[in-house]
Amino acid sequence: MDKLKLANLYRSELIPVSGKLVERYNKCLKKLGFAETKLTHFSIDGIGWSPEIAEEKNDENYLCNGESNPHGIIISPLQNKKPVYLPYHTFDREMMQLVFKTHGEKINDITRDSAICIDFDQNIDTFYEPLDVLRYQIVTIKFHLIDNLDHVRDEQLVLIEKFKAGNNFIDEEIHNKLLESASKYGDLRERDLSLRSVNYVTDSFYTKSFGGVFVLRDFITPIVVFEDMKWYKEAIKDTLHEVMIFHISQPELMEKLRDHIIIAYDLEEIVKTKRYERIKKFEFARHLKDTQHPISDILNDPLLFKSYLNKVDIDTRKKIMSVERYLEKLETSNQYKIVDIVDDDLFEAMHEPHSSLHPTHQDLIWKLLVNIAPKDVLFMYWYDKQEFYKQYKTWDASLQDWVIQTIRNNI
């Protein structure tokens, strides 16, 4: 990952945490029911997730109390507008944007000497069956301060009113209580520490629960797509919900997404795009073995590309160039069918979200498409970083260089 880090393509916007902030972070972990970290230095993203703590705990989802109870931690106003690097849901970053939009000024004040624990409450205590994900409707975002600072403020105000009553100003016990509270927590009289709950309304989304599930419910008929075969088999036993259920590997899924005007393709247009070139080159690179030139040079140099294209076997050539071959044949006769010439995997990779979709829905569908056909390295990096990082580790060093260059040229 060193090359990605040097190119600022690997978690480059994390916030460093040390000193007093570590203590506050641990108090949040403890308040949320998690074990404290032993680390003295780590970094966090916009929702308070830390890659170092995840590694320490050997649990990427260490901020979740079960699949239905994710949490967040705010210890710094710098978390505002920062990425959420390992979202449990596709709407996690939107929820954090809503939090800072609603309570930004109060968060700035509170995090001067405290921290905020966040409970993303879907009114679901726990999941029992895979289609329980359909119960996601409104997420109530609730806030809790470490040391119960908001309650301490209320206690200070009560003590002050008691101090003012009658001759209580000479009561040493009240004096001591006020001084003890002020010494420990500071003078909280003028602080506004109340953070009202915020509601976030969900529509279509992806969740990591049950091995990964896409819930598409803003279209003709709700569609649920499972990444995990075990949970897919469990879900299709359900007879109560009127939804269409697919496993992500089913060919019928793409057909249904086209029928519902969720995705579309235009081969004549896409071959003119950089995206097509990225897909074709990446697919070609996977078939190159023991090359005399670096793969990055082969993919960047048209002469080398043609040279090596003619060195691979005929079936590989037909696969790599199948889209262009189909369009060429179509010019001479309309009797040719896509299924007879275009490679199935490449054909799936030619799809994109339908232009009529809302931008938020387009992002979700892109995430689904790059999971179905992970062949565009740029879009994989944009829409499914975890899968990108996983695949990146398996690539030839020279292919890694080409991928980094490709991404940087498009950012």
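Note that this is a predicted model, so its numbers are computed, not measured.

Q: What exactly am I supposed to notice about empty space enclosed by the protein here?
A: Taking a probe equal in size to a water molecule and rolling it over the atoms shows the remaining empty space. The final tally for this structure, using the stated rule, is three cavities of 30 Å³ or more. Reported here for the largest cavity is a volume of approximately 170 Å³. Residue composition of the lining of the largest cavity, grouped by class: 12 nonpolar, three polar and three charged. Taken as a whole, the second largest cavity encloses approximately 60 Å³ of empty space. Lining the second largest cavity are R275, I279, E348, A349, H351, W366, L369, V370, A373, K375 and D376. Looking at the lining of the second largest cavity, the elements that each hand over two or more residues are α10 (274-285), α16 (344-349) and α17 (359-372). Tallying contributions element by element places α17 first for the lining of the second largest cavity, with three residues. Looking at the lining of the second largest cavity residue by residue, the classes come out as six nonpolar, one polar and four charged.

Q: Honestly, the environment of L253 in this entry has me stumped. Any pointers?
A: Secondary-structure assignment places L253 in helix α8 (residues 251-259). Looking at L253, the relative accessible area reads 0%, which means it is buried. When the C-alpha positions of L253 and I372 are compared, they lie 9.7 Å apart, and in sequence the two are 119 residues distant.

Q: Explanation requested: the sheet that holds strand β9 (residues 223-226) in the structure shown.
A: Across a sheet, strands are paired by hydrogen bonds formed along the backbone, either parallel or antiparallel in direction. Here we have four strands laid out as an open sheet, ordered β7-β8-β9-β10, and mixed in their pairing. Of all the strands in the sheet, the pair left with one neighbour each is β7 (205-207) and β10 (244-247). The average angle at which neighbouring strand axes cross in this sheet is 15°, direction not considered. Alignment of β7 against strand β8 (residues 213-216), held across three bridges, turns out to be antiparallel. Within the sheet, the bridge partner assigned to F205 lies in β8 and is V215. Of the strands in this sheet, β8, β9 and β10 are in contact with α8, which crosses β10 at around 135°. Lying on the sheet, α17 is in contact with β7, β8 and β9; it crosses β8 at an angle near 140°.

Q: Would you mind going over the nonpolar core with me for this structure?
A: Taken as a class, soluble globular proteins show a tendency for nonpolar side chains to be buried jointly. In terms of nonpolar packing, the biggest core is built from 60 residues, with Y25, I116 and I141 touching the most fellow members. Sorting elements by how many residues they give to this core places helix α4 (residues 92-110) first, with six residues. What Y25 contacts, discounting residues up to four positions off in sequence, is F42, I44, G48, W49, S50, I53, Y62, L63, I73 and I75. One finds F219, L253, L309 and I407 within the second-largest nonpolar core, a separate group that totals 54 residues.

Q: Help me understand α4, please; the structure alone is not making it clear to me.
A: Owing to its 3.6 residues per turn, the α-helix brings residues three or four apart onto one side. With 19 residues, α4 extends only 22 Å from end C-alpha to end C-alpha; this falls clearly short of the ideal 27 Å at 1.5 Å per step. Listing the buried residues of α4 in full gives D92, M95, M96, V99, F100, H103, G104, I107, D109 and I110. Packing partners of the buried residues in α4 comprise β3 (71-74), β4 (116-121), β5 (138-145) and β6 (198-201).

Q: What am I meant to see in the side chain of T202 here?
A: Looking at the element boundaries, T202 is found in the loop between β6 and β7. Among the polar contacts made by the side chain of T202, one reaches the main-chain carbonyl oxygen of Y136 at a distance of 3.4 Å. For T202, the side chain forms a polar contact with the side chain of R217, separated by 2.5 Å. Setting aside residues no more than four positions away along its own chain, T202 makes contact with F91, Y136, Q137, V139 and R217.

Q: Teacher, can you tell me more about unusual backbone geometry here?
A: Most peptide bonds are trans, and most residues other than glycine sit at a negative phi. With a phi angle near 60°, N8 is a residue other than glycine that sits in the positive phi range. By the element assignment, N8 lies in the loop between α1 (2-6) and β1 (15-18). On the accessibility criterion, N8 (52% relative accessible area) is exposed. Its identity as a non-glycine residue notwithstanding, F210 has a phi of 55°, on the positive side. Along the chain, F210 turns up in the loop between β7 and β8.

Q: Is there a simple way to explain the pairing of β10 in this structure?
A: Moving residue by residue along a regular strand, the side chains alternate between the two faces of the sheet. A two-sided burial pattern is seen for β10, the buried positions comprising M244 and F246 on one face and I245 and H247 on the other. Pairing of β9 with β10, which is carried by four bridges, proceeds in the parallel orientation. Paired with I223 across the two strands is M244, which belongs to β10. At this point the chain moves from β9, through helix α7 (residues 229-235), to the parallel β10, and the crossover so formed is right-handed.

What counts and how
Residues numbered from 1 in each chain as written. Predicted model: local features only at pLDDT ≥ 70, side-chain atom pairs only at ≥ 80, totals over all residues. Heavy atoms only, no water. 1 Å grid on protein atoms, 1.4 Å probe; cavity = no way out; pocket = protein on both sides within 12 Å on 5 of 7 lines; lining within 4 Å. Points joined across faces, edges and corners; volume = space filled by probe spheres on them. Nonpolar A, V, L, I, M, F, W, Y, C, P; charged D, E, K, R; others polar. Helix = DSSP H or I, 4+ residues; strand = E, 2+ residues; numbered from the N terminus. Buried < 20%, exposed > 50% of the residue type's maximum accessible area, 1.4 Å probe, protein only. Pairing = 2+ DSSP bridges. Axes fitted to C-alpha atoms, helices over the stretch in contact; angles between N-to-C directions. Contact = heavy atoms within 4.5 Å. Core = buried A, V, L, I, M, F, W, Y, C linked by side-chain atoms within 4.5 Å. Expected span 1.5 Å × (residues − 1). Polar contact = N/O pair within 3.5 Å; in protein donor to acceptor, adjacent residues only side chain to side chain. Right-handed = clockwise from strand over helix to strand, strands pointing away.

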